[in-house]
Amino acid sequence: MSQTAEKTKAVPVTATASAKTVAIEPVHDVVMIGAGPAALSAAIYTTREDIETVLYDKGPIGGLAAVTDWIDNYPGFAKGISGLDLAENLHQQAQRFGAKFEYGEVANIIDAGSHKRVITTDGEVHAKAVLIATGSDYKKIGVPGEKEYYARGVHYCATCDGAFYRDKRLVVVGGGNSAVQEAIFLTRFASHIDILVRGDHFRASEVLQEELQKHTAKVTVHFNTSTDEIIGAKVDNFEKVTKVIGTDKTTGKKVDFPTDGVFVFVGLLPNTEFLKKTTIELDEIGFIKTNPYLETSLPGVFAAGDVRSGATMQIATAVGEGATAALMIRHYLEGHALLVTPVTLKV
Amino acid sequence: MSVTIISNKKLKKNERGHTLMVKNITIFTTNTCAYCGMVKKWLAAKGLAYEEVNLEQNPERQAEAMQVSGQLAVPVTVVTRQDDTQSVVVGFNLAQLAPAVL
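Residues numbered from 1 in each chain as written. Chains lettered and ligands numbered in written order. Predicted model: local features only at pLDDT ≥ 70, side-chain atom pairs only at ≥ 80, totals over all residues.

Considerations on the overall build of chain B
Looking only at helices and strands, one finds 3 helices and 5 strands in chain B. Tracing chain B from N to C terminus, the helices and strands come up as β-β-α-β-α-β-β-α. When each of the 102 residues of chain B is scored for burial, the buried share is 33%. Across chain B, contacts joining residues at least 24 apart in sequence account for 51% of those joining residues at least 6 apart. (Helix = DSSP H or I, 4+ residues; strand = E, 2+ residues; numbered from the N terminus. Buried ≥ 20, exposed ≤ 12 C-beta atoms within 10 Å, placed from the backbone. Contact = placed C-beta atoms within 7 Å.)

Quick word on the overall build of chain A
Regarding its fold elements, chain A presents 7 helices and 20 strands. Relative to its 347 residues, chain A shows a buried fraction of 45%.

Quick word on the nonpolar core
Residue and element names in this part refer to chain A. With 122 residues, the main nonpolar core has A42, L131 and V172 as its most contacted residues. Sort the elements by how many residues they give to this core and helix α7 (residues 315-333) lands first, with 8 residues. Taken domain by domain, this core gets at least three of its residues from each of domain 1 (5-137 + 268-333) and domain 2 (140-264). (Core = buried A, V, L, I, M, F, W, Y, C linked by C-beta atoms within 7 Å. Domains from an automatic or database assignment.)

Quick notes on the confidence of the model for chain B
Residue and element names in this part refer to chain B. Model confidence for chain B is summarised by a mean pLDDT of 81, while 80% of its residues fall at 70 or above. Averaged pLDDT values over the elements of chain B bottom out at 48 in strand β1 (residues 11-13) and peak at 96 in strand β3 (residues 51-54). For the stretch residues 1-12, pLDDT sits under 50, and the model shows 11 contacts to residues farther than four places along the chain or on other chains. (pLDDT = per-residue confidence, 0-100.)

Remarks on the pairing of strand β14 (residues 219-222) of chain A
Look at any regular strand and the pattern is simple: side chains alternate between the two faces of the sheet. For strand β13 (residues 192-196) of chain A and β14(A), the ladder comprises 4 bridges, and the chain directions are parallel. The partner of I195(A) across the bridge, within β14(A), is V221(A). (Pairing = 2+ DSSP bridges.)

Quick look at helix α5 (residues 177-186) of chain A
All names here are of chain A. Where burial is concerned, most of α5 is hidden: 9 out of the 10 residues are buried. Of the residues making up α5, those classed as buried are N177, S178, A179, V180, Q181, E182, A183, I184 and L186. In this structure, the buried residues of α5 make contact with α4 (158-161), β12 (169-173), β13, α6 (206-213), β14 and β18 (261-264).

Quick notes on the domain arrangement of chain A
Frequently, the measure chosen for interface size is the accessible area that the parts lose on association. For chain A, the assigned domains read domain 1 (5-137 + 268-333) and domain 2 (140-264). Distance between the C-alpha centres of domain 1 of chain A and domain 2 of chain A: 34 Å.

Observations regarding the packing of α5(A) against α6(A)
All names here are of chain A. Taken N-terminus to C-terminus, the directions of α5 and α6 make an angle of 30°; their axes are 10 Å apart at the nearest point. Taken together, the axis directions place α5 and α6 in an arrangement best described as roughly parallel. Of the two elements, α5 crosses α6, and the hand of that crossing is left-handed. For the pair α5 and α6, the contacting residues are N177, V180, Q181, A183 and I184 in the first and L208, Q209, E211 and L212 in the second. Classifying every residue of the contact of α5 with α6 gives 5 nonpolar, 3 polar and 1 charged. (Axes fitted to C-alpha atoms, helices over the stretch in contact; angles between N-to-C directions. Parallel < 35°, antiparallel > 145°, perpendicular 65-115°, else oblique. Left-handed = near helix turned anticlockwise from the far one by under 90°. Nonpolar A, V, L, I, M, F, W, Y, C, P; charged D, E, K, R; others polar.)

Section: the interface of chain A and chain B
At the junction of the two partners, chain A supplies 19 residues and chain B supplies 19 residues. Mapped onto the side of chain A that touches chain B, the elements with two or more residues apiece are α3 (83-96) and α4 of chain A. Taken together, the residues that form the side of chain A that touches chain B break down as 11 nonpolar, 4 polar and 4 charged.

A few points about the sheet that holds strand β15 (residues 225-235) of chain A
All names here are of chain A. Pairing is antiparallel in the open sheet, where 3 strands are placed in the order β15-β16-β17. Both outer strands of the open sheet, β15 and β17 (253-258), are each paired with one neighbouring strand and no more. Strand-to-strand twist across the sheet, computed as the mean angle between neighbouring axes with direction ignored, equals 30°. Pairing of strand β16 (residues 238-248) with β17 involves 6 bridges; the strand directions are antiparallel. If you follow G246 over to β17, its bridge partner there is V255.

Considerations on the packing of helix α1 (residues 37-48) of chain A against α3(A)
All names here are of chain A. Where α1 contacts α3, the axes come no closer than 8 Å and their chain directions differ by 25°. Here α1 lies roughly parallel to α3, going by the angle between them. As for the relative orientation of α1 and α3, their crossing is left-handed in sense. Between α1 and α3, the residues in contact are P37, L40, A43, I44 and T47 and L90, H91, Q93 and A94, respectively.

Quick notes on the sheet that holds β12(A)
Residue and element names in this part refer to chain A. In spatial order, the strands read β11-β18-β12-β13-β14; together these 5 strands make up an open sheet with parallel pairing. What marks the edges here is a single partner per strand, and that holds for β11 (154-155) and β14. Running at roughly 170° to β12, α5 makes contact with β12, β13, β14 and β18 of the sheet.

As for α7(A)
All names here are of chain A. Compared with an ideal rise of 1.5 Å per residue, which puts 19 residues at 27 Å, α7 spans 27 Å between its outermost C-alpha atoms and is within 8% of the ideal. Those residues of α7 that sit buried are I315, A318, V319, E321, G322, A325, A326, M328, I329 and Y332. Positive backbone phi, at 90°, marks G335, one or two positions downstream of α7. (Expected span 1.5 Å × (residues − 1).)

Some points on the environment of P270(A)
Residues and elements named next belong to chain A. Structurally, P270 can be placed in strand β19 (residues 268-270). Taking C-alpha positions, P270 is 14 Å from A318, a pair spaced 48 residues apart along the chain. Contacts of P270, omitting those with residues within four sequence positions, involve S136, G286, F287, D306 and V307.

Here it is, written out as structure tokens:
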């Protein structure tokens, strides 16, 4: 964008009625939806280019990274870094260059020709370009008791709620990186953890599996075990989880896992519910389809990070995609056509 | 005569239409909870003071947090008004938090 000071401010859309010019709404250069690593990285790049940028998010700045206990695979931190510290650093860096942050939930994106109308729960904002970087959230298992005991023994955030389980028994459901990483974190509180893995092996990285080996005194892994039901009862006037019923798939027998709480990490689902009213194309799971320039099926609207179809669900790649999206947005705002006709990637 | 103007943002109307000031705000947190930090930052940005109860440092107060929220989760924000009525918000939920302190 232009380096002039006035272009760093939102420019009003004007409508001329007779001789009178009426300002309607300011049009931001870019509105970013989400404030996780992808959006924060994109915002660092756009604001450094003097592209006026506002981020809207309803959750914690840093997204899922901010609620991840420890991040060992983000390049540049030889000893690893806590998710909260990484999120805070990204936030401060984006703020340093002038990114603005607004709390709010986006409900719709409407193409208004010269700009996009972004409908939030508090009103409406306008932008020349939009970046969707709403990331993903932990998937539910979808078993009886999961919804009923949500936040009463069923949790999806170990760093938030793990401390309630000091010297208590826990069940962790899942076999991927998140499940193993968070189970390791929970060993600092729990007296014992049963990890229920549907498959016959972990999908988690070797490094995490080796780390888990250090905690065998507290952790028992149950492979080939489905999670079928979460059972609770009233204890001391408070509805609490008391056990998980699973099935050992090798024998077909039901197995009870007595526990005080369940932490669920069985994969990720994209946060794209709010796009269902739009013309933005999603894949069959709900991730946003983009062309090689990270532009969605609605020109001027880009997507980056975990929410994008084909994303590899890593903080490092989300940050890379954010930077790429920022460069593509700059190109778009300069009025250049993208290098080729947008092609929707097959998924 | 001096007139003190109190921001309407700090007042809440009760059923009779009287405005009520927030008397105090307590947040139950844990060490590693990112959402707790968001609530604290949001309150600070609004210029609202709060007392933080870290449940890892004060495990004896966990039962209190559970009782007031009905949940085993943090952050729990308890807003007490001048007439001792309370609003309890679990999580970083601005849809509930904003009206509770406005």
